[in-house]
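Chains, contacts and geometry: an overview
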Amino acid sequence: MSTADAETQRRIANRLKRAQGQLGAVIAAVESGGDCRAVVTQLAAVTSALDKAGFQIIASAMKDCLADPEAETEAATDTDGVSMAELEKLFLSLA
């Protein structure tokens, strides 16, 4: 994610921090014997937030690849680079 713009990184970090807070609430509810419906609803919110963050990360990487398609050939040797094939695999892992 080193090539993502600062605003995109900020949005992703905020989404992940929100998910972290929601997960803390889920854990607390489970430990205190919270209502099943409330726990599952909150867990679904955490899952959704994490999925959206993952898709945002992949979308950002895809934009970078589309902006510089030559970088895909360099991705195999670049530790920060992600090839289009790798992006597809990552994308599908979230589906």
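Residues numbered from 1 in each chain as written. Predicted model: local features only at pLDDT ≥ 70, side-chain atom pairs only at ≥ 80, totals over all residues. Heavy atoms only, no water.

**Looking at the environment of Thr8**
Inspection of the secondary structure assignment puts Thr8 in helix α1 (residues 6-31). You can call Thr8 buried: its relative accessible area is 6%. For the pair Thr8 and Gln56, spaced 48 residues apart in sequence, the C-alpha to C-alpha distance is 8.1 Å. Ignoring sequence-local partners within four residues, the contact set of Thr8 consists of Gln56 and Ser60. (Helix = DSSP H or I, 4+ residues; strand = E, 2+ residues; numbered from the N terminus. Buried < 20%, exposed > 50% of the residue type's maximum accessible area, 1.4 Å probe, protein only. Contact = heavy atoms within 4.5 Å.)

**Describing the environment of Lys17**
With respect to the element layout, Lys17 can be found in helix α1. Separated by 32 residues in sequence, Lys17 and Ala49 have C-alpha atoms that sit 9.5 Å apart.

**As for the pattern of salt bridges**
Here the idea is simple: oppositely charged side chains can pair when their charged atoms come close. Across all of its chains, the model carries 2 salt bridges by this definition. With a shortest N-O distance of 2.5 Å, Arg10 and Glu7 are connected by a salt bridge. Here Glu7 and Arg10 lie together in helix α1, a separation of 3 residues that amounts to about one turn. You can call Arg10 partly exposed: its relative accessible area is 42%. (Salt bridge = Lys/Arg side-chain N within 4 Å of Asp/Glu carboxyl O.)

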